[in-house]
Amino acid sequence: MATTTTAMIDALRLMAWLSPTYPIGAFAYSHGLEWAVETGDIRDEASLSRWLDDVVERGAGRNDLILCAEAHRTASAGDAVGLAEVNDLALALAPSRELHLETSQQGRSFLDATLSAWPCTALDSVGAVLDGAVALPVAVGTASGAHGMARPPTLAAYGLAFVQNLVSAALRVAPVGQSAGTRIIARLAPRVAALAEAVQDLGLDGLGSATLRLDLGSFRHETQYSRIFRS
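Here the structure is a predicted model, which is why all the values come from computation and not from measurement.

Details of a nonpolar patch on the surface
Right, on to step 1. A surface patch of nonpolar side chains, amounting to about 320 Å² of accessible area, comprises Leu212, Leu216 and Phe219.
Right, on to step 2. Considering the arrangement of structural elements, one finds Phe219 in helix 11 (residues 212-220).

Next comes the structure, spelled out in structure tokens:
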């Protein structure tokens, strides 16, 4: 019974941490999606689905899961030096100023909110080395690992939250309705789970992306004539 209760509490904690109501400002970022809508790359359900496929499996979605897994591993082991190195790499991998802001602002806000609402000795200890900018996947992995939560569900939940936030952004700027957005999330959920399972033990050598158009678009977004997102 104790094990079942612990697993339930961990699941509820993940739901709270990755909820749109968690105070990290996720609603303010589109990860380049707003620029993709402006240029016509995203114009309907099918094109949004293809764009998300690439981001998740060939871009930041995959890299974030690897970084989250490494942060979880180092935090679980109490390896503060290793955790700081993972965070430095995660921040350095952001291809543009806007995407650096996206991950670092959310990561800092996530860690601060979690330290305040879900304090624990292990998180206080390893979190002390993350006293500046923190990449979001590193913040989530650190908190989960320090709390002794299992790695696979953490990665899967993070991946789905990543997708849901981008679909939410699309509903606000693209000609895509809520039913279409729900279908896309339902279709991608099994792929996110499979990706989380596949990358959890790859290590930092497994990092890599191939979403050049998104990366270049994130540079151009700041000069876009009309925009509602910060990235």
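What to know about the packing of helix 4 (residues 60-76) against helix 8 (residues 136-146)
Right, on to step 1. Across the interface, helix 4 lies against helix 8 with an axial gap of 7 Å and an inter-helix angle of 35°. Crossing geometry of helix 4 relative to helix 8 is assigned as right-handed. Between helix 4 and helix 8, the contacting residues are Asp64, Leu67, Cys68, Ala71, His72, Ala75 and Ser76 on the first element and Pro137, Val138, Val140, Gly141, Thr142, Ser144, Gly145 and Ala146 on the second.
Right, on to step 2. Grouping the amino acids of the contact of helix 4 with helix 8 by side-chain chemistry returns 8 nonpolar, 6 polar and 1 charged.

A short note on unusual backbone geometry
Right, on to step 1. The phi dihedral of His31 falls on the positive side, at around 55°, and the residue is not glycine.
Right, on to step 2. When you line up the elements, His31 lands in the loop between helix 1 (2-17) and helix 2 (33-39).

Examining the packing of helix 4 against helix 5 (residues 80-92)
Right, on to step 1. For the pair helix 4 and helix 5, the least separation of the axes is 8 Å and the interaxial angle reads 165°. With respect to helix 5, the axis of helix 4 lies roughly antiparallel. Our pair here, helix 4 against helix 5, has a crossing hand that is left-handed. Taking contact as the criterion, the partners of Leu67, Glu70, Ala71 and Thr74 in helix 4 are, on helix 5, Gly82, Leu83, Val86 and Ala90.
Right, on to step 2. Taken together, the residues that form the contact of helix 4 with helix 5 break down as 5 nonpolar, 2 polar and 1 charged.

Let's talk about the packing of aromatic side chains
Right, on to step 1. Taken as a whole, this structure holds 4 aromatic pairs when the rule is applied.
Right, on to step 2. Taken together, a centroid distance of 6.0 Å and an interplanar angle of 85° make the contact between Trp17 and Trp118 edge-to-face. With Trp17 in helix 1 and Trp118 in the loop between helix 6 (97-117) and helix 7 (121-127), this residue pair connects regions lying 101 residues apart in the sequence.
Right, on to step 3. By relative accessible area, which is 1% here, Trp17 ends up buried.
Right, on to step 4. Assessed through its relative accessible area of 28%, Trp118 is described here as partly exposed.
Right, on to step 5. The rings of Trp17, Tyr22, Phe110 and Trp118 are connected pair by pair, giving a single aromatic cluster.

Observations regarding the side chain of Arg13
Right, on to step 1. As for its placement among the helices and strands, Arg13 is situated in helix 1.
Right, on to step 2. Residue contacts for Arg13: discarding those within four places in its chain leaves Trp118, His147 and Met149.

Quick word on the nonpolar core
Right, on to step 1. If you look at the biggest cluster of nonpolar residues, it comprises 64 residues, and the most contacted ones within it are Trp51, Phe110 and Val138.
Right, on to step 2. Here Trp51 is in contact with Ser30, His31, Gly32, Leu33, Ala36, Ile42, Leu166 and Leu214, once residues within four sequence places are set aside.

Let's talk about helix 6
Right, on to step 1. End to end, helix 6 covers 30 Å across 21 residues, agreeing with the expected 30 Å (1.5 Å per residue, within 8%).
Right, on to step 2. Glu98, Leu99, Glu102, Thr103, Ser104, Gln106, Gly107, Phe110, Leu111, Ala113 and Thr114 are the residues of helix 6 that are buried.

Focus on the pattern of salt bridges
Right, on to step 1. Applying the stated rule across the entire model yields 12 salt bridges.
Right, on to step 2. One salt bridge connects Asp10 with Arg13, and the closest N-O pair in it is separated by 2.8 Å. Taken together, the positions of Asp10 and Arg13, both in helix 1 and 3 residues apart, correspond to about one turn of that helix. There is no split in this pair, since Asp10 and Arg13 are both buried.
Right, on to step 3. For Asp112, the salt bridge identified is with Arg108, shortest N-O distance 2.9 Å. With Asp112 and Arg108 both in helix 6 and 4 residues apart, the pair spans about one turn of that helix.
Right, on to step 4. Counted as one network, the salt bridges with shared partners bring together Asp53, Glu57, Arg187 and Arg191.

Each value, and the rule that gives it
Residues numbered from 1 in each chain as written. Predicted model: local features only at pLDDT ≥ 70, side-chain atom pairs only at ≥ 80, totals over all residues. Heavy atoms only, no water. Patch = residues over 30% accessible without salt bridge, like charges linked within 9 Å, V, L, I, M, F, W, Y side chains within 5 Å. Areas by Shrake-Rupley, 256 points an atom, 1.4 Å probe, with all protein chains shown as cover. Salt bridge = Lys/Arg side-chain N within 4 Å of Asp/Glu carboxyl O. Helix = DSSP H or I, 4+ residues; strand = E, 2+ residues; numbered from the N terminus. Axes fitted to C-alpha atoms, helices over the stretch in contact; angles between N-to-C directions. Left-handed = near helix turned anticlockwise from the far one by under 90°. Contact = heavy atoms within 4.5 Å. Nonpolar A, V, L, I, M, F, W, Y, C, P; charged D, E, K, R; others polar. Parallel < 35°, antiparallel > 145°, perpendicular 65-115°, else oblique. Phe/Tyr/Trp six-rings, centres within 6.5 Å; stacked < 30°, edge-to-face > 60°. Buried < 20%, exposed > 50% of the residue type's maximum accessible area, 1.4 Å probe, protein only. Core = buried A, V, L, I, M, F, W, Y, C linked by side-chain atoms within 4.5 Å. Expected span 1.5 Å × (residues − 1).

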